[in-house]
Structure formats: C-alpha cells, structure tokens
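Residues per chain are reported as follows:
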Amino acid sequence: MAALDRSAPVAVIGCGAMGQGIAQVAAQAGHPVLLLDSRPGAAAAAVQGIARALGKLVEKGKLAAGERDAVVARLTPVSGAAELGDAALVVEAIVEDLAVKQAVFKEVEAVVRPDAILASNTSSLPITAIAAALERPERFAGMHFFNPAPLMALVEVIRGVATDPAVAETLFDTAKAWGKAPVHARSTPGFIVNRVARPFYAEALRLLQEGAGSPATLDAVMRESGGFRMGPFELMDLIGHDVNFAVTSSVHRAYFGDPRFQPSLVQQELVEAGRLGRKTGQGFYRYAPDPELPQPHTAEPGPAPRRIEGELASGRLVVDGVTLALTDGRSATRRAAEEGIADLVLFDLALDYATAPRLAVAAADQASPDALRTAVGYLQSLGKTVSVLDDAPGLVVMRTVAMLANEAADAVLHGVASAADVDTAMTKGVNYPLGPLAWAGRIGIGRVAAVLDALASTYGEDRYRTSALIRRKVWAKKDFGGTGFHG
C-alpha cells in the first residue's frame with residue numbers, strides 16, 4: 001500500500017500537546033488538517049499554538065515565512081464530529097480511558113466514509129479493545145507518536161487482532177512520508193518502547209534500594225560510561241514519577257503480575273510523598289526553590305600503575321598484582337570466592353572504552369584497600385574518572401543492557417515486532433545509543449546470557465529469567481543480525 005495522498009484530509013481529535021504536535025506534523029507534510037476538541041476554543045488555540053511554534057522556526061531561519069503561512073492555512077478548527085466526514089485519516093489523542101475512546105470512535109465512525117482509517121495515539125490501551133466497539137474494526141489501528149511529535153522521529157504502528165494488514169501498511173507508509181521512522185508492532189501491553197524500556201528504570205531503582213550508589217552516581221555512570229543521553233533517575237524526574245510508576249504498574253498488571261515488570265517501592269514512596277519530579281520541584285533531585293546540583297561519587301587519586309599485564313579491552317588484566325575483570329553478572333565477592341582471587345576488582349560495561357569519560361568499579365569484600373586504590377589508579381592513568389560502587393552483581397551498565405536485551409528478545413519471540421523494529425524503536429523513541437539487540441550482538445549473546453544467569457542465581461527471582469530466544473541464539477552461535485558472535 002502507498003501513503004495517503006497529500007491532498008487527503010487528516011483529522012486530529014484532542015488538541016493538547018500531543019494532538020497539537022500531530023496536527024503540525026500532518027500539516028507540514030501537506031495535508032489539510034481538521035482539529036477537534038471537546039473543550040470550547042481549544043482547537044482554535046491549538047492552531048495559534050502551532051503558528052507560534054512555526055514562527056520560532058522562521059526566526060531561527062529553519063523555515064521560510066511563506067511555508068509557515070501555508071502550513072497554518074491548512075489547519076481548520078471544527079466544533080463537532082459531524083464536520084469530519086471528508087477525513088481519510090482520523091488520529092485520536094485524548095484521555096487514556098477505554099470507554100471514552102470507544103465512544104469517540106463510534107461517533108466518528110458513523111460520519112466518516114467507509115474507507116477512512118481510524119487511529120489512536122494511545123500509549124497504554126489495547127488497540128484490539130478500542131476497536132471492539134466499532135462496526136469496522138479492520139479499519140482501526142494504533143499510531144503512537146512520541147512527545148514532542150514534531151521532533152521525535154518514532155511512530156509505532158500497532159495492529160489489533162482485527163486490523164487489516166493493508167491499513168497498517170498505509171499508516172506505516174504515511175508516517176514515513178511525514179518524515180518519521182515508523183515501526184510495526186502488535187497490540188500487546190506497552191507495545192515496544194514502554195515494554196522494552198522498563199528495565200532501564202527498574203534496575204536503577206533496585207541498585208539504589210540495595211545501596212550500590214547514589215542517584216547522581218548511577219546517573220553519571222549510565223551517561224558517561226553507557227552513553228545514554230540521560231540517566232534513569234533524572235529521566236524519571238523529567239517524565240514524572242506518577243506517570244512512570246503508573247506505566248510500570250499498568251504493564252505489570254497487564255502481564256498478570258510478571259515479576260519482570262514489578263514496580264519499585266522506592267518510586268511508590270516518592271509518588272506517595274508527592275515528590276513527582278520536575279513538575280513538583282522535587283523527585284530524586286531538588287529543582288525548586290533552590291535547584292540542587294548533586295555530584296556523583298568520584299574516587300580520590302590512586303597510585304600510578306607500575307606493571308600491567310593485559311589490557312582493558314580484553315576484559316581481564318592484572319595491575320601490580322590486582323586482577324581487574326569485566327563484570328560477568330556475578331558480584332565481585334562471589335567471583336573472588338569461586339575463582340580463588342582475593343584482590344579482585346570488577347569494572348562495568350562501557351559503550352566505548354576508548355572514549356568513555358567515566359567507569360564504575362566494585363571490589364570484592366575479600367580484597368585489600370590497596371587493591372581498590374591500585375585499580376582506581378590504573379583507570380585514572382587512562383584518563384578516566386572512576387566511580388566506586390558497592391559490590392552489586394552486574395554493576396550498572398552491564399546489568400541494565402543485559403535486561404534491556406532480554407526484554408527486547410522476548411518482544412521478538414512473542415511476535416510483538418521484528419528485531420530491527422525493536423532496535424529502531426529504542427534508538428528513535430527514547431534515544432538509546434544502540435538498540436538493545438545490536439548492543440547484545442556487540443558484547444556477545446553468550447555474555448548476555450551469562451550475566452542474566454548470574455543475576456538469576458544471585459537473586460533467585462524469575463525476574464532475571466533468560467529469554468528462550470537468547471538461549472536459541474547462543475546455541476546457534478548467531479546474534480540478532482544473523483551473524484556469528486564472540487562470547
């Protein structure tokens with residue numbers, strides 16, 4: 001199927017921030033756009049908001065004044081669903097309430113032409129359930145944009161049980177014609193992004209609960225070693241803990257209490273205290289009235305190394321008698337006991353060891369204080385800032401990436417999306433430096449499985465069970481790109 005013709009009218013229902021953004025995207029792509037909102041004056045205000053947003057682009061030299069005027073001219077506020085009869089595509093972006101959405105779409109379905117496509121921007125409700133109220137559920141699908149819609153590239157195109165595949169393809173091609181990076185997904189709880197991203201928050205919250213490090217330290221490690229644009233705690237503060245906790249709780253319920261999605265008591269307490277993040281002035285960090293600038297833990301200078309056997313990139317080396325090794329999911333204390341090496345210090349995964357400005361380390365309980373200082377001094381000699389963590393299994397980046405890859409693999413196994421679409425969704429939708437499955441291939445599927453097995457062994461929880469698809473890849477000696485792997 002081809003994308004909708006640019007002359008085809010597009011209707012957007014709901015003129016909040018997301019609806020306004022979707023309307024702007026469609027109008028900039030050349031479509032006549034009808035805007036509808038139940039609040040009096042909201043649709044007209046949205047047109048004015050879009051005009052202001054485009055005006056800022058004109059001021060910055062990113063858009064011609066004539067093009068701005070043309071886009072605004074394609075926007076028409078309407079007062080009721082009866083005025084949407086000519087729309088070829090109707091995108092809804094209203095409150096996340098199943099009954100409300102069903103009622104809106106039943107009303108719209110009665111006035112649009114039979115071949116019109118109806119789409120919901122829902123981030124959490126099942127597409128199949130919304131479509132169940134319609135006479136033509138085959139014409140209904142999800143079209144999930146990410147906020148802010150004019151800037152974020154990802155669009156999840158979600159198929160319900162009844163969705164005609166040709167409808168999903170038209171939405172995919174239309175989103176692509178609008179300059180977006182669309183992916184196909186099946187309607188399951190969380191779709192792709194809101195499902196696969198859960199470990200990014202969950203593992204950080206558990207590490208904090210276990211006293212592995214402070215929020216500022218764990219955030220710094222994820223940014224400066226893992227290459228993530230934001231650390232999990234600052235991102236949760238930005239999203240809002242009420243929203244983030246609600247999404248996790250919703251996915252947990254939808255998967256019948258699967259422990260992989262278990263919400264955190266730490267975050268629940270913040271919500272109960274009303275510390276929701278930036279919007280209330282305090283979350284993990286304080287934003288108002290006097291902004292807090294928390295500093296990550298940074299190790300004091302250690303001694304310069306004298307004798308080095310091996311190199312960091314190999315994953316194991318000896319510096320002045322102290323063994324440094326890349327974490328394999330076991331705690332340093334457990335590994336020291338099992339391998340008979342008292343002076344053992346583990347270091348965390350990095351996106352790129354050559355350029356990463358910070359690395360995290362943890363020493364075995366058996367190790368001498370001098371062993372830790374020796375390890376720190378060696379890494380500092382490489383130009384790295386070092387954060388010392390309490391001895392947590394898998395450290396921070398390695399355990400988070402392994403769990404992200406595990407959830408991504410299960411999404412592929414369960415037919416939610418292809419491996420390529422999962423990786424696209426996580427890089428385009430939440431700005432991960434690598435897709436989880438591509439990252440798993442880089443570090444080794446076997447290593448990912450070993451980390452997950454070690455975490456499961458340590459905690460004794462089904463939360464860390466290894467995806468059957470990862471097991472299959474290990475046995476086949478192939479990564480998710482179909483190529484061979486090391487480890």
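Further up the page is the structure itself.
Residues numbered from 1 in each chain as written. Predicted model: local features only at pLDDT ≥ 70, side-chain atom pairs only at ≥ 80, totals over all residues. Heavy atoms only, no water.

Student: It is not clear to me how the overall build of the chain should be interpreted in this structure. Could you clarify?
Tutor: What the chain contains, in helices and strands, is 19 helices and 14 strands. Compactness check: the chain gives a C-alpha radius of gyration of 25 Å against a globular reference of 23 Å for 487 residues, within 12% of the reference. Overall, the C-alpha framework of the chain stretches about 80 × 50 × 40 Å when taken along its three principal axes. Burial statistics for the chain: of 487 residues in total, 54% are counted as buried. Contacts in the chain between residues far apart in sequence, at least 24 positions, make up 67% of those at least 6 positions apart. Per element, the accessible surface of the chain, about 19,700 Å² overall, is 53% carbon and sulfur. (Helix = DSSP H or I, 4+ residues; strand = E, 2+ residues; numbered from the N terminus. Rg over C-alpha atoms; globule rule 2.2 N^0.38 Å. Buried < 20%, exposed > 50% of the residue type's maximum accessible area, 1.4 Å probe, protein only. Contact = heavy atoms within 4.5 Å. Areas by Shrake-Rupley, 256 points an atom, 1.4 Å probe, with all protein chains shown as cover.)

Student: Quick question: what am I supposed to make of the sheet that holds strand S10 (residues 316–319) here?
Tutor: Either a parallel or an antiparallel arrangement is found when strands of a sheet pair, and the pairing is made through backbone hydrogen bonds. The sheet built from 6 strands is open, its strands ordered S9-S10-S11-S12-S13-S14 with mixed pairing. The strands lining the two open edges of the sheet, one partner per strand, are strand S9 (308–311) and strand S14 (385–388). On average, each strand axis in the sheet is tilted by 25 degrees relative to the strand beside it, whichever way the strands run. Pairing geometry for strand S13 (residues 358–363) and S14, over 4 bridges, is parallel. From the neighbouring strand, Arg 358 faces S14, where its bridge partner is Thr 385. (Pairing = 2+ DSSP bridges. Axes fitted to C-alpha atoms, helices over the stretch in contact; angles between N-to-C directions.)

Student: I'm lost on the side chain of Gln 24 in this one. Help?
Tutor: For Gln 24, the location among the structural elements is in helix H1 (residues 17–28). If near-sequence neighbours (up to four positions away) are discounted, Gln 24 is found in contact with Ile 50, Ala 53, Leu 54 and Pro 150.

Student: I'm lost on the packing of aromatic side chains in this one. Help?
Tutor: A ring pair, where both rings are aromatic, is described by two values, the distance of the centres and the angle of the planes. On inspection of all chains with the given rule, the structure shows 11 aromatic pairs. Plain terms: the ring middles of Phe 347 and Tyr 353 are 5.9 Å apart, the flat faces sit at 85 degrees to each other, and that makes the pair edge-to-face. According to the relative accessible area criterion, Phe 347 is buried, its value standing at 1%. Chaining the aromatic ring pairs together yields one cluster made of Phe 200, Tyr 201, Phe 228, Tyr 432 and Trp 439. A cation over a ring is seen here: Lys 473 above Phe 480, with NZ or CZ 5.2 Å from the ring centre. (Phe/Tyr/Trp six-rings, centres within 6.5 Å; stacked < 30°, edge-to-face > 60°. Lys NZ or Arg CZ within 6 Å of the ring centre and 35° of its normal.)

Student: Would you take a moment to explain the nonpolar core for this structure?
Tutor: One broad trend across soluble globular proteins is that nonpolar side chains are buried collectively. Membership of the largest hydrophobic core comes to 120 residues, with the highest contact counts inside it found for Val 108, Ile 192 and Leu 324. Per element, the largest residue contribution to this core is 10 residues, and it comes from helix H15 (residues 397–413). Excluding its chain neighbours within four sequence positions, the residues that come into contact with Ile 192 are Glu 156, Val 183, His 184, Ala 185, Val 416, Ala 417, Asp 421, Val 422, Ala 425 and Met 426. Counting 40 residues, the second-largest nonpolar core is a separate cluster that includes Val 10, Ala 46, Met 143 and Phe 172. (Core = buried A, V, L, I, M, F, W, Y, C linked by side-chain atoms within 4.5 Å.)

Student: I tried to follow the environment of Met 403 on my own but got confused; where do I start?
Tutor: Along the polypeptide, Met 403 turns up in helix H15. Sequence spacing of Met 403 and Gly 321 is 82 residues, and the spatial spacing of their C-alpha atoms is 33 Å. Leaving out residues up to four positions away in the same chain, Met 403 has contacts with Pro 199, Glu 203, Arg 260, Leu 452, Arg 463 and Tyr 464.

Student: How do you make sense of helix H14 (residues 369–381) when you look at a structure like this?
Tutor: An α-helix turns once per 3.6 residues; consequently, residues spaced three or four apart project the same way. Over its 13 residues, H14 runs 19 Å from end to end, which matches the ideal 18 Å to within 8%, given 1.5 Å per residue. Listed in full, the buried residues belonging to H14 are Ala 371, Thr 374, Ala 375, Val 376, Gly 377, Tyr 378 and Leu 379. Buried residues belonging to H14 abut S9, S10, strand S11 (322–326), strand S12 (344–347), S13 and S14. Gly 383 occupies a position one or two residues after H14 and carries a positive phi of about 90 degrees. (Expected span 1.5 Å × (residues − 1).)

Student: Where do I start with the side chain of Glu 234 in this structure?
Tutor: When you line up the elements, Glu 234 lands in helix H10 (residues 232–239). A polar side-chain atom of Glu 234 sits 2.7 Å from a polar atom in the side chain of Arg 223. (Polar contact = N/O pair within 3.5 Å; in protein donor to acceptor, adjacent residues only side chain to side chain.)

Student: Would you mind showing me how to read the pattern of salt bridges here?
Tutor: Opposite charge on two side chains allows them to pair when their charged atoms are near. Under the criterion given, the structure shown has 28 salt bridges. Residue Glu 407 is joined to Arg 260 by a salt bridge in which the shortest nitrogen-to-oxygen separation is 2.7 Å. Here the residue Glu 407 occupies a position in helix H15, and Arg 260 occupies one in the loop between helix H11 (241–254) and helix H12 (265–273), the gap between them amounting to 147 residues. Side by side, Glu 407 and Arg 260 carry an identical accessibility label, which is buried. (Salt bridge = Lys/Arg side-chain N within 4 Å of Asp/Glu carboxyl O.)

Student: Is there a simple way to think about the pairing of S12 in this case?
Tutor: Looking down a regular strand, the side chains alternate between one sheet face and the other. Alternating positions in S12 separate into two faces, Leu 344 and Leu 346 on one and Val 345 and Phe 347 on the other, with burial throughout. In this structure, S11 lies alongside S12, joined through 4 bridges in parallel fashion. Opposite Leu 324, over in S12, you have Val 345 as the bridge partner. With helix H13 (residues 332–339) bridging S11 and its parallel neighbour S12, the resulting β-α-β unit is right-handed. The pairing of S12 with S13 spans 3 bridges and is antiparallel. Within S13, the residue paired with Val 345 across the bridge is Ala 363. (Right-handed = clockwise from strand over helix to strand, strands pointing away.)

Student: Please clarify how the sheet that holds strand S8 (residues 181–186) should be interpreted in this entry.
Tutor: In space, the 8 strands of this open sheet follow the order S3-S2-S1-S4-S5-S6-S7-S8, with mixed pairing throughout. In the strand order of this sheet, the two ends are held by strand S3 (75–77) and S8, each with one partner. Each neighbouring strand pair of the sheet contributes to a mean axis angle of 25 degrees, computed without reference to strand direction. Sheet topology places strand S6 (residues 140–145) next to strand S7 (residues 154–159); 4 bridges connect them, and they run antiparallel. Each residue of the ladder has a partner; that of Phe 145, found in S7, is Val 155. Contacting strand S1 (10–13), strand S4 (89–92), strand S5 (117–120) and S6, helix H4 (residues 98–109) crosses the sheet at an angle of about 165 degrees to S5.

Student: Looking at this structure, I do not really get the packing of H1 against helix H2 (residues 42–59). What am I missing?
Tutor: Between two packed helices, what matters for the description is the angle formed by their axes and the separation of those axes. Where H1 meets H2, the closest approach of the two axes is 10 Å, and the angle between their N-to-C directions is 65 degrees. In terms of crossing hand, the pair formed by H1 and H2 is right-handed. Across the interface between the two elements, Gln 20, Ala 23, Gln 24 and Gln 28 from H1 touch Ala 46, Gly 49, Ile 50, Ala 53 and Leu 54 from H2. Residue composition of the contact of H1 with H2, by class: 5 nonpolar, 4 polar and no charged. (Left-handed = near helix turned anticlockwise from the far one by under 90°. Nonpolar A, V, L, I, M, F, W, Y, C, P; charged D, E, K, R; others polar.)

These values are about where atoms sit, not about what they do.
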